[in-house]
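# Observations on chain architecture
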Amino acid sequence: MKYVPGTFILILLIHASQLFAQQKFTWKGYVKDSLTGETLINASILINNETRGVSTNQYGYFSLTLPAGNYTLLFSYVGYSPKIINAAFNKNISGDILLLPAAATMQDVVVTAATQKRLSNVKSAQMGQVDLSINTVKSLPSFMGETDILKTLQLLPGVRNAGEGNSGFYVRGGGPDQNLILLDEAVVYNSGHLFGFFSVFNSDAVKNLTLIKGGMPAQYGGRLSSVIDIAMKEGNVNKTQVDAGLGLIASRLSVQGPIIKNKASYIISARRTYIDALMKPFIKKSSSFYGSGYYFYDLNAKVNYKISNNDHLYLSGYFGRDKFIFNNARHSFSTSIPWGNSTATFRWNHSFSKKVFSNLSLIYNDYKFDFTGRQDDFTIGYSSGIKDRGAKLDVDYFTSTSHKIKFGGQYTYHVFYPGVASGYQDSVIFTPANTQKKYAYEYGIYVQDDWDVSKHIKINYGLRFSAFQQAGPYTIYKTDADGNKLDSTVFHFGQIIKTYGGFEPRITIRYGLNNNSSIKASVTRNLQYIHLVNNAGTTLPTDIWVPSTYRVQPQDGILYAAGYFRNFAGNMFETSLELYYKTMKHQIEYEEGYTPSLEDPEKSFVFGKGWSYGSELFINKVKGKLTGWLGYTLSWTWRRFPALNNGNKYPGKYDRRHDLSLVGMYELSPRWKLSSTFIFGTGNAISLPERFYFINGTLTQEYSSINAYRMKPYHRLDLGATYTPKPKKPRKYISSWVFSIYNVYSRQNPYFYYFNQDGSLADGNLKITAKQVSLFPIIPAVTWNVHF
């Protein structure tokens, strides 16, 4: 298919060149939290109590241009007291707006702010976008008392979990690598601690979380399915603030405060588990398992400095590590598995004029996984990783209340460390056949516009062009049928081996039926140049990130979506019904029977296509003491690979026909808040042996076609309660107790199946039975939080 960008560019140029029919003035500034100075992302500014207005950008900045005159402006944000200002637009204005958190007032102001937000959701041209409140995340029941952002996202329709205790997630039939996860604009390649049981994001350090699963704006690229855009807190500019939490398996501490009051601030947030420390006293030094243990830790840090009203600098970073150690002295065996992410982002916000705002980011990230196993004098290792350095420029052009144009570009230099196995025994060393690093350049430029065409029609449209180049140093070997090297082609540093690229148009159209309902439709094309290849046939850590190369083509996806959106009962209920169809070309799997070896893993890849379709129902109650939502997804996910399953289509690994989530939060009193979640889902698709044979006395299994069977359905009920004491005398600190019960009725959800062999063939009493392994029964937890 060919994509012609000329129409998109022409429309953008026409509207970007609009001339004012009369004299106009502009108010520019930031919307901020009045207590901490934190900027508020996507805050709403409405004019004369109409639906016409603007929103703050992802940095909390706004620019509002109006004809000369007097106006009533309503500034609002969910969870904050709205502010009404009578403004005379007879000159240009530069000033910030401070909103007071609802928790700091005695007024019931959440309703008004939430109403404006939900109304804008019906009125906007964006589809499949959810701005999730961190307070909501903290209110829900948690696994072992650890608040988890990604677990909360999995309660939304169209987003499903990877299984019991796993933080991986799958959006509209896509794989885990098809989700772009950003932390202060740096890509996070591994989102899980404890082999995925917890996410790497410490909620104490997070300010804002946005999920986009449909109609992805042109500013985002490089993934097919979704964007998770997470912004870290910037630090309290008014006073020093400490938040801490003590749980059953982990503790956390956050400190933030001003460096120069109202001008510069910092935040440092740390978290660590102490499973290893709790277990150590119970393992004697004489035990075969002495020295075994597991722990993870992460550290978030950020500083910012306001140079002037037009310039602001930010420096943020994340560092997290997991380490699993297992020793068995009796069998002279030990293993060590460390892995983790490191990211750093430097940002410069600059306001060029009253209508033009820019952000320049320099980004670094590093993800590495290592596995080392030893038995006697034999050692085996396995490692993989990816390291990026990049730059990104985004420019917002606030032309008028009818247009918001955004354009920019980005560049990333990738270094891939291949997933390779190695080992040695005594003086014999086993080395991979191709241990070379792989280098690549990734580029992207885009332009987009949010256009209010009329009272009923609004369009968000844009165009992105991306390119990807595999580059040297690299050597391509020509081999014979037995893998022996016959010849080679050497590429030196910077030499281009292979180039891919293409246009990625996106458009979303909203038609307003009335003030409370609208119809939306969108089409987006995305190209993805890096891939996470999963080997479902082994329990070894063989998931690796690989680039598009002369062998591996980029993934190419097109998403078609349409939906009906309606608010009821004075915006008390927000409802939506969305339909989608997605195609995915150049999907990657390992070939049948693959096991890690000393060869370059690329040689074991096979390629095919995928497609998915379904419907998503969302009912969200946003007013009153009882709030929450119901999400239901009916979907199908398919794959077809010529080299797998005899070329026949088969259900994707995480195809789930039915997925239901029910979430409730109830404010019982000023001291007590209750919450609950219920989840039901069709079981995962799996392949199982259908026949058993004995060949030379060895039991051999004949498996079904790929994913021909289903695990038992998954369902679980969690309960939570937060108790906040109200002391009779004022104190310098506020504390709360969070109680949670995970899996209330102790449902034994299947984690995996295996087959057990009893008796013997010789005695004629051989019996083979299927067994189920489950992970978590009912788990109560308690966490104490303190703020001062």
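Residues numbered from 1 in each chain as written. Predicted model: local features only at pLDDT ≥ 70, side-chain atom pairs only at ≥ 80, totals over all residues. Heavy atoms only, no water.

## Digging into the overall build of the protein
Along the backbone of the protein there are five helices and 52 strands. Counting every position in the protein, which comprises 788 residues, the buried fraction comes to 53%. Long-range contacts, defined as pairs at least 24 residues apart, comprise 66% of the intrachain contacts of the protein with a sequence gap of at least 6. Total accessible area on the protein stands at roughly 34900 Å², and carbon and sulfur atoms take up 59% of it. (Helix = DSSP H or I, 4+ residues; strand = E, 2+ residues; numbered from the N terminus. Buried < 20%, exposed > 50% of the residue type's maximum accessible area, 1.4 Å probe, protein only. Contact = heavy atoms within 4.5 Å. Areas by Shrake-Rupley, 256 points an atom, 1.4 Å probe, with all protein chains shown as cover.)

## Thoughts on the sheet that holds strand S10 (residues 129-132)
Reading across from one edge, S10-S17-S18-S13-S14 is the order of the five strands in this open sheet, with mixed pairing throughout. Lying at the two open borders of the sheet, with one neighbouring strand each, are S10 and strand S14 (186-187). Note that strand S17 (residues 206-212) and strand S18 (residues 226-232) share six bridges and pair antiparallel. What sits directly across from Asn-208, in S18, is Ala-231. (Pairing = 2+ DSSP bridges.)

## As for the packing of aromatic side chains
Summed over the entire model, instances satisfying the criterion amount to 33 aromatic pairs. Ring centres 5.7 Å apart and planes at 65° place the aromatic pair Tyr-590 and Phe-605 in the edge-to-face group. In this pair, Tyr-590 sits in strand S38 (residues 573-590) while Phe-605 sits in strand S39 (residues 605-621), placing the two residues 15 residues apart along the sequence. Both residues of the pair, Tyr-590 and Phe-605, belong to the buried class. Among the aromatic side chains, those forming a connected cluster through ring pairs are Tyr-30, Tyr-59, Tyr-61, Phe-357 and Phe-398. The lysine or arginine in question, Arg-272, covers the ring of Tyr-295, its NZ or CZ lying 4.5 Å from the ring centre. One residue, Arg-347, lies across the ring of Tyr-314, its end atom 4.2 Å from the ring centre. (Phe/Tyr/Trp six-rings, centres within 6.5 Å; stacked < 30°, edge-to-face > 60°. Lys NZ or Arg CZ within 6 Å of the ring centre and 35° of its normal.)

## Regarding the pattern of salt bridges
In the structure shown here, the tally under the stated rule is 24 salt bridges. Note that Arg-271 and Asp-298 form a salt bridge whose closest N and O atoms lie 2.8 Å from each other. Residue Arg-271 is found in strand S21 (residues 264-273), and its partner Asp-298 is found in strand S22 (residues 293-308); the two are separated by 27 residues along the sequence. Judged by its relative accessible area of 5%, Arg-271 falls in the buried class. Take Asp-298: its relative accessible area is 2%, and that puts it in the buried class. Across the salt bridge formed by Asp-659 and Arg-656, the nearest N and O atoms sit 2.9 Å from each other. Taken as a pair, Asp-659 and Arg-656 share a single burial class, namely buried. Via salt bridges that share partners, Arg-172, Lys-213, Glu-578 and Glu-616 belong to a single interconnected network. (Salt bridge = Lys/Arg side-chain N within 4 Å of Asp/Glu carboxyl O.)

## Details of empty space enclosed by the protein
Enumeration according to the criterion identifies eight cavities of 30 Å³ or more in this entry. When its volume is computed, the largest cavity comes out at roughly 390 Å³. Taken together, 28 residues form the lining of the largest cavity, with Leu-182, Glu-185, Val-187, Gln-410 and Thr-412 sitting closest to its centre. Of all the elements in the fold, those that place two or more residues in the lining of the largest cavity are strand S13 (179-183), S14, strand S25 (356-375), strand S26 (378-400) and strand S27 (403-425). The residue makeup of the lining of the largest cavity, split by class, is eleven nonpolar, nine polar and eight charged. (1 Å grid on protein atoms, 1.4 Å probe; cavity = no way out; pocket = protein on both sides within 12 Å on 5 of 7 lines; lining within 4 Å. Points joined across faces, edges and corners; volume = space filled by probe spheres on them. Nonpolar A, V, L, I, M, F, W, Y, C, P; charged D, E, K, R; others polar.)

## A few points about a nonpolar patch on the surface
Residues Ile-259, Ile-260, Val-303, Tyr-305, Ile-307, Leu-315, Phe-346, Trp-348, Leu-360, Leu-362 and Leu-393 make up a contiguous nonpolar surface patch of roughly 910 Å² in combined accessible area. For the nonpolar patch, the secondary structure elements donating two or more residues are strand S20 (250-260), S22, strand S24 (333-351) and S25. It is S22 that provides the largest number of residues to the nonpolar patch, a total of three residues. Residue classification places Ile-259 among the exposed positions, given a relative accessible area of 52%. (Patch = residues over 30% accessible without salt bridge, like charges linked within 9 Å, V, L, I, M, F, W, Y side chains within 5 Å.)

## Brief notes about the nonpolar core
Across soluble globular proteins, nonpolar side chains have a tendency to be buried as a group. Core analysis: the largest hydrophobic core is formed by 72 residues, its most contacted members being Leu-153, Phe-201, Ile-228, Phe-605 and Trp-629. Leave out the neighbours within four places in its chain, and Phe-201 touches Ile-149, Leu-150, Ile-181, Leu-183, Val-188, Ser-191, Ile-230 and Arg-271. Residues Trp-27, Val-54, Phe-62 and Leu-73 belong to the second largest nonpolar core, which totals 21 residues. (Core = buried A, V, L, I, M, F, W, Y, C linked by side-chain atoms within 4.5 Å.)

## As for the side chain of Glu-185
Within the secondary structure, Glu-185 sits in the loop between S13 and S14. A polar contact of 2.5 Å, which involves the side chain of Glu-185, links it to the side chain of Tyr-59. Only 2.7 Å separates the side chain of Glu-185 from the side chain of Ser-361, close enough to count as a polar contact. For Glu-185, the residues in contact, after removing those within four places along its chain, are Gln-58, Tyr-59, Arg-347, Asn-359, Ser-361, Ile-363 and Lys-392. (Polar contact = N/O pair within 3.5 Å; in protein donor to acceptor, adjacent residues only side chain to side chain.)

## Here we look at the pairing of strand S19 (residues 241-246)
As a general feature of sheets, a regular strand has side chains that alternate between the two faces. Two strands pair when backbone bridges link them, and S19 and S20 are joined in this way by six bridges, in the antiparallel orientation. Bridge pairing in S20 places Asp-243 opposite Ser-254. The turn joining S19 and S20, which pair antiparallel and follow one another in sequence, is formed by three residues. Taken together, the four bridges between S19 and strand S52 (residues 779-787) define a ladder with antiparallel strand orientation. Within the sheet, the bridge partner assigned to Leu-246 lies in S52 and is Trp-784.

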